[in-house]
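Residue strings, one per chain:
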Amino acid sequence: MTDATADALRDLPARPAPTVRVRGYWGSVWNRLRYDYVTLFCLALILVIIGLAIFAPWVAPMDPYKSSMAHRLKPIGYRNYLLGTDEQGRDMLSRLLYGGRVSLTMGILPVGLATIIGGLFGVVAGYFGGAVNMVIMRTMDIFFAFPSVLLAVAISGSLGGGITNQLLTLTVVLIPPLCRVAETATSQVRNMDFVDAARSTGASTASILFTHVLINVMSPVLVYASTLVSVSIILASGLSFLGLGVSPPTADWGLMLSTLRQSIYVQPLVSAIPGIAILITSIAFNLVSDGLRQAMDVRA
Amino acid sequence: MNDMTAPDFTLATPQTEPFVRVEDLRVKFVSRDATVRAVNGISFDLERGKVLCVIGESGSGKSVMMRSLLRLHPKNRTVIEGTMRVGDHDIAGVSDRAMIDLRGSLISMVFQEPMTALDPLYTVGDQIAETVRRHEGVSKEAAWARALELLDLVRVPSPERRLKAYPHELSGGLRQRVVIAMALSCRPSLLLADEPTTALDASVQIQILVLLRKIQREMGMSMIFVTHDLGVAAQIADQVAVMYAGRIIEYGEARDVLLSPQHPYTQAMLASTAKDQDRDVPLEAIAGNPPDLRALPDGCSFAPRCKYAGPDCTLTMPPPITDAWGHMARCFKVGIGPAGKLRFDAKIAEPV
């Protein structure tokens, strides 16, 4: 613009400052989420479950490891045992609360780690393409070639049991699918005109990656990741069931399910309780991810 | 901003060096399967405050040339040769870092498809303000105020409300105005418009065209406007360049090229437009297809479709012939006529 035009612009009567409330992307997502009661309910449920797990030592009525031969496999509501007792006479409610600590950790932590690592690899592979894409995606394909349970068993088997190794195993198993989703979303976004438009107005690669690519890729990746939480809990349970995860005295939903399996004809309801806990948690995560997907779509 | 006076821009002072100078620009895309020669030696000058219209059918290298001026092509697969100078800057030579600073402030671009040229996840205001802040480092509030000004400049009605709108909430015409506002946000000296009206309704097309022309005059920008619509070119152009198979085959003042075209391709193209001929007269079409850019023929690229082509037209590429008015054509059968003007004559024999 020439100086004359600039002067003309400057001489214009001062316009009142725009009374626009800059809400931003996340503000608008929250605004849409506010009226989605199902999602809000599930979100609250998840928070309650997490809260109960964190505060298990204060909430639990009894010691989850104290067994009693006299009170084995008591039904729901038996005396002080609100949810009955397991095959060693331990209080089911207390074990469920303590078990949530391990199971939720197994559900959330590996997914979080895998989202960051897999998402990063996926965005890099999708944005830069070419040889970078080939190296990253073919490596992921190698992991993809094995069924996830088999892969988890193989990694867990070679690393040995224990919580840390189980976390590591689940993270490795969850990285390839998240990487794939991020890569697909990125390569779609990369070819959009707005990326070129941003470049043509002087945006650097880093700022394009952060302001345009990442946020457009985030919603499919986050939604997919939240569905993986339940997968991860179940996978962790499976590993524990096979003896590759946490070892027996520890309270863990998967492990409880596996040990109570033999008692299913004696106390079917009590045996099902850990399964119900997994079910409710999974459904809550899935519904929240569904609500999140809708809320993150600005066109809704 | 309606009362903006016509500024006395620097046009009045004669310039020795034109504002934009492109010399022998060649762009090819290299892949394992083939090498696509999209641009094969383009040269043109553009003065400050003038509009160059680039006309050509799909695949003639118009957009490739535009993107080269911003260096938007993927580096590893593109070979760009030749010189491109805009102002004091050597576009082909500057570092990537410096190029990032030039994009937007020196050269900016308006894209064809307003649907995809805006990020669907940000409000219009966010996107314009982001561009402003990137270059001018002002506060968020100042950037939003500037965004409001820009929407006003491109005549978006009730701009305060539109700032908060997402792209999908706007019509195609409004969206294109926003795209233009973004391109103008950092006061570029050269605006590249890549078919900015093609994706719009006919009634909106003319509005956008008039707007672009008006803003270009007000801001004293130079503009390169790509189109395949001759009517659009006639509306807006100072100079016209006709491209075919990656070369400029005719160039000159808009009135010269559009009213007395000399190259057979330009003539045929103008003959194929709908004017006020009778309804039952079929439009003249140019037979054949544009050449395959992976395997360009020797000689004149238009020769296979040219009804005047002699046997030797396919041997070498005709050199450019320019008359005193700067009207240029690349055809063996174009010579300088008696009035000193370029003149096509089918009887001129092509050299062996």
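Just so you know, these numbers come straight off a predicted model, no measurement behind them. (Residues numbered from 1 in each chain as written. Chains lettered and ligands numbered in written order. Predicted model: local features only at pLDDT ≥ 70, side-chain atom pairs only at ≥ 80, totals over all residues.)

Visitor: Is there a simple way to think about the overall build of chain B in this case?
Guide: A count of helices and strands for chain B gives ten helices and 14 strands. Its C-alpha atoms give chain B a radius of gyration of 21 Å, near enough to 20 Å, the size a compact globule of 352 residues would have. Its C-alpha atoms give chain B principal-axis dimensions of about 70 × 50 × 45 Å. Counting every position in chain B, which comprises 352 residues, the buried fraction comes to 46%. (Helix = DSSP H or I, 4+ residues; strand = E, 2+ residues; numbered from the N terminus. Rg over C-alpha atoms; globule rule 2.2 N^0.38 Å. Buried ≥ 20, exposed ≤ 12 C-beta atoms within 10 Å, placed from the backbone.)

Visitor: I tried to follow the sheet that holds strand 2 (residues 35-46) of chain B on my own but got confused; where do I start?
Guide: Paired through their backbone hydrogen bonds, the strands of a sheet run either parallel or antiparallel. Residue and element names in this part refer to chain B. On the basis of which strands lie adjacent, the open sheet formed by four strands has the order 2-1-4-5 and antiparallel pairing. Both edges of this open sheet fall to strand 2 and strand 5 (89-90), since each of them pairs with a single strand only. Each of strand 1 (20-30), strand 2 and strand 4 (78-86) is contacted by helix 1 (residues 62-69), which is oriented at about 70° to strand 2, the strand it contacts most. (Pairing = 2+ DSSP bridges. Contact = placed C-beta atoms within 7 Å. Axes fitted to C-alpha atoms, helices over the stretch in contact; angles between N-to-C directions.)

Visitor: Whenever I open this one, the pairing of strand 10 (residues 247-253) of chain B confuses me. Can you help?
Guide: Each regular strand carries side chains that alternate between the two faces of the sheet. Residues and elements named next belong to chain B. A large share of strand 10 lies buried, amounting to six of its seven residues. Pairing analysis gives six bridges linking strand 9 (residues 239-244) to strand 10, with the strands arranged antiparallel. Bridge pairing in strand 10 links Met-243 to Ile-248. As consecutive antiparallel partners, strand 9 and strand 10 are separated by two residues, and within that stretch Ala-245 has a phi angle of approximately 50°, a positive value. The pairing of strand 10 with strand 12 (residues 328-329) spans two bridges and is antiparallel. Across the sheet, residue Glu-250 finds its bridge partner in strand 12, namely Ala-329.

Visitor: What is the right way to look at the packing of helix 3 (residues 124-136) of chain B against helix 6 (residues 172-184) of chain B in this model?
Guide: A pair of packed helices can be characterised by two numbers: the angle between their axes and the separation between those axes. Residue and element names in this part refer to chain B. Interaxial distance between helix 3 and helix 6 falls to 9 Å at its minimum, and their mutual angle equals 20°. It follows from the interaxial angle that helix 3 and helix 6 lie roughly parallel. Here helix 3 runs over helix 6; the crossing is right-handed. Of the residues in helix 6, those touching helix 3 at Val-124, Gln-127, Ile-128 and Thr-131 are Val-178, Ala-181 and Met-182. (Parallel < 35°, antiparallel > 145°, perpendicular 65-115°, else oblique. Left-handed = near helix turned anticlockwise from the far one by under 90°.)

Visitor: Help me understand unusual backbone geometry, please; the structure alone is not making it clear to me.
Guide: Of all residues except glycine, most have a negative phi; of all peptide bonds, most are trans. Residues and elements named next belong to chain B. A positive phi angle, near 35°, is found at Ser-158, a position not held by glycine. Along the chain, Ser-158 falls in the loop between helix 4 (140-153) and helix 5 (159-163). Since 8 C-beta atoms lie within 10 Å of it, Ser-158 is described here as exposed.

Visitor: Would you mind showing me how to read the domain arrangement of chain B here?
Guide: As assigned here, chain B comprises domain 1 (113-187) and domain 2 (259-275 + 284-344). Computed from C-alpha atoms alone, the centre-to-centre distance between domain 1 of chain B and domain 2 of chain B is 43 Å. (Domains from an automatic or database assignment.)

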